[in-house]
Amino acid sequence: MLIFQAVVISVCESLVQADSLRLVWLTNTSLTCNDGSPAGYYIRRGSNSRHWVLYLEGGGYCWDAGSCGARWTRRPGLMSSTRWPRARRAPALLSSDPQANPLWHASNHVLLPYCSSDMWAGTRLHTRTNGSFAFVGHLIVRSVLNELLHLGLAGRLLLVGSSAGGTGVMLHADSTRRTLRAHSVRVAAIADSGWFLDRPPRARRASSANAVARLGHTLWLGAPPNSCVRDFHDKPWLCYFGYRLYPHIRTPLFVFQYLFDSAQLTAEGVRAPRTRAQWDAVHETGAAIRASLKTVRATFAPACIAHGALARPEWLAINVSGISLPNAIACWERRFRDGNRKERPRCAPRRLIERCSWPQCNSSCPRLRDPRTGEEVALAALLQSFGLDVRGAAAAMGLDARALSRMSRAELLPLLAPHT
């Protein structure tokens, strides 16, 4: 028995090691994390030497002395590299397992850990004299690209990021394409849950997204794209909001965005909606996100209350109108790769935005949990809390209301769809 257990443990360890990325410190030692510790990246070479996936991690940001001090106290791992391991297990989109990552398992994988707290936009260096935090996310991305060129970067690069990393992708897409064009490298980008809106907060004492972006831009010495800054020269911090930046992006870009993004809701002061008024606020945010995506050429927007997808295992299951996220991305990649050639049949539409206008109406949504208890929120209770007459819906379907409330989400959604 002990021998069998040892064999199982050895096999598991070898699988984890096979799916891990190794740490490389930046050669430019002046580029650091917030606390002055060295910046770096994780890398693994794949069998497809001419396709690279570069992933920018997310994790929020700070914008003044108070928010940065609180971030350092609560989440120092997002501001320092002192505890980075020599090897890291790959997130879903960088996995070498074709079951977990059907699109890019054979690619060269590069992970940029997030320790600059600046949406990958800052240029403020750390010095001994000022003793303040460094914010050099912008410079870190540029330095990593240069190092990858020396390592043999060629063919195609897919620049991907989640949350603040998704915003970073939009900020860096065009400059990356221009840098690599001279080396005959084609660039495309995917922004996952980085599409933030500058909507006013609902809480009285909360800072507005506009004010936070202005403070952050000043603190970081932010460097958003000049093409956008020219349009907002008096307010360059507006270029951190996806819908304002998007018209200036020329690089092929795929936008993944939950219609009821939980980070956006939190920024607006709607953390755990329970009352009808709070759910009305959720609906208003969803309608605003939906409207902001109208001009986006390639987008995938499920009606879920969630944030971030591509680094999570469940990204394979997420779908809109029966079309999975991996399928939609594969069709988008094929289009820009093949140029004007005739498209293959049965390819997913470029724009897939959930038709349903209420939260969690998509059966592939990540499970919604009560932040106070950690327990999953029953769908019937969720629907009732934002105004659906569950008893009336049950009567219309010839069901007992108690029986309806006990149904699983998979059973309930198809029944309720015609009544919502």
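Residues numbered from 1 in each chain as written. Predicted model: local features only at pLDDT ≥ 70, side-chain atom pairs only at ≥ 80, totals over all residues. Heavy atoms only, no water.

- The name an unreviewed UniProt entry gives the protein chain is Palmitoleoyl-protein carboxylesterase NOTUM, with Danaus plexippus plexippus as the organism.
- A UniProt comment under Sequence similarities (unreviewed entry) is attached to the protein chain, and it reads "Belongs to the pectinacetylesterase family. Notum subfamily." (UniProt positions renumbered as here; feature names shortened; annotations may be inferred.)

Let's talk about the packing of helix α3 (residues 137-150) against helix α4 (residues 164-181)
Any two packed helices are characterised by how steeply their axes cross, that is the angle between the axes, and by the distance between the axes.
In step 1: For the pair α3 and α4, the least separation of the axes is 11 Å and the interaxial angle reads 30°. Relative to α4, the element α3 is oriented roughly parallel. Considering the relative orientation of α3 and α4, their crossing is right-handed. Within the contact between the two elements, α3 uses Gly137, His138, Val141, Arg142, Leu145 and Leu149 and α4 uses His172, Ser175, Thr176, Thr179 and Leu180. (Axes fitted to C-alpha atoms, helices over the stretch in contact; angles between N-to-C directions. Helix = DSSP H or I, 4+ residues; strand = E, 2+ residues; numbered from the N terminus. Parallel < 35°, antiparallel > 145°, perpendicular 65-115°, else oblique. Left-handed = near helix turned anticlockwise from the far one by under 90°. Contact = heavy atoms within 4.5 Å.)

Regarding the environment of Gly77
In step 1: By the element assignment, Gly77 lies in the loop between α2 (65-74) and β4 (87-89).
In step 2: On the accessibility criterion, Gly77 (53% relative accessible area) is exposed.
In step 3: Taking the C-alpha atoms as reference points, Gly77 and Tyr114, separated by 37 residues in sequence, lie 9.1 Å from one another. (Buried < 20%, exposed > 50% of the residue type's maximum accessible area, 1.4 Å probe, protein only.)

Details of the side chain of Ser364
In step 1: As for its placement among the helices and strands, Ser364 is situated in the loop between β12 (351-353) and α11 (379-385).
In step 2: Among the residues examined, Ser364 registers a relative accessible area of 14% and is labelled buried.
In step 3: In terms of polar contacts, Ser364 uses its side chain to reach the side chain of Asn362, at 2.7 Å.
In step 4: In this structure Ser364 touches Ala317, Ile318 and Asn319, once residues within four positions along its chain are discounted. (Polar contact = N/O pair within 3.5 Å; in protein donor to acceptor, adjacent residues only side chain to side chain.)

Description of the packing of aromatic side chains
In step 1: One pass over the structure, following the stated rule, counts 12 aromatic pairs.
In step 2: Arranged with centres 5.4 Å apart and planes meeting at 35°, the rings of Tyr114 and Trp120 form a pair that is tilted. Assigned by exposure class, Tyr114 and Trp120 land together as buried.
In step 3: Here Phe256 and Tyr258 contribute two aromatic rings whose centre-to-centre distance is 4.9 Å and whose plane-to-plane angle is 85°, an arrangement assigned as edge-to-face.
In step 4: Ring pairing ties together the aromatic residues Tyr61, Trp63, Trp220 and Tyr240, which thus form one cluster. (Phe/Tyr/Trp six-rings, centres within 6.5 Å; stacked < 30°, edge-to-face > 60°.)

Observations concerning the sheet that holds strand β3 (residues 51-56)
In step 1: Strand order in the open sheet made by the 10 strands is β4-β1-β2-β5-β3-β6-β7-β8-β9-β12, with mixed pairing throughout. For this open sheet the edge positions go to β4 and β12, each flanked by a neighbour on one side alone. This sheet shows a mean twist of 20° between the axes of neighbouring strands, independent of strand direction.
In step 2: Across seven bridges, the pairing between strand β6 (residues 156-162) and strand β7 (residues 186-192) is parallel. (Pairing = 2+ DSSP bridges.)

Side note on the pairing of strand β1 (residues 20-25)
Walk down a regular strand and you will see the side chains alternate between the two sheet faces.
In step 1: In the sheet, β1 pairs with β4 via three bridges, with the strands oriented antiparallel. For Arg22, the partnering residue across the bridge sits in β4 and is Ala87.
In step 2: Pairing of β1 with strand β2 (residues 40-44) involves four bridges; the strand directions are antiparallel. Note that in β2 the partner of Val24 across the bridge is Tyr41.

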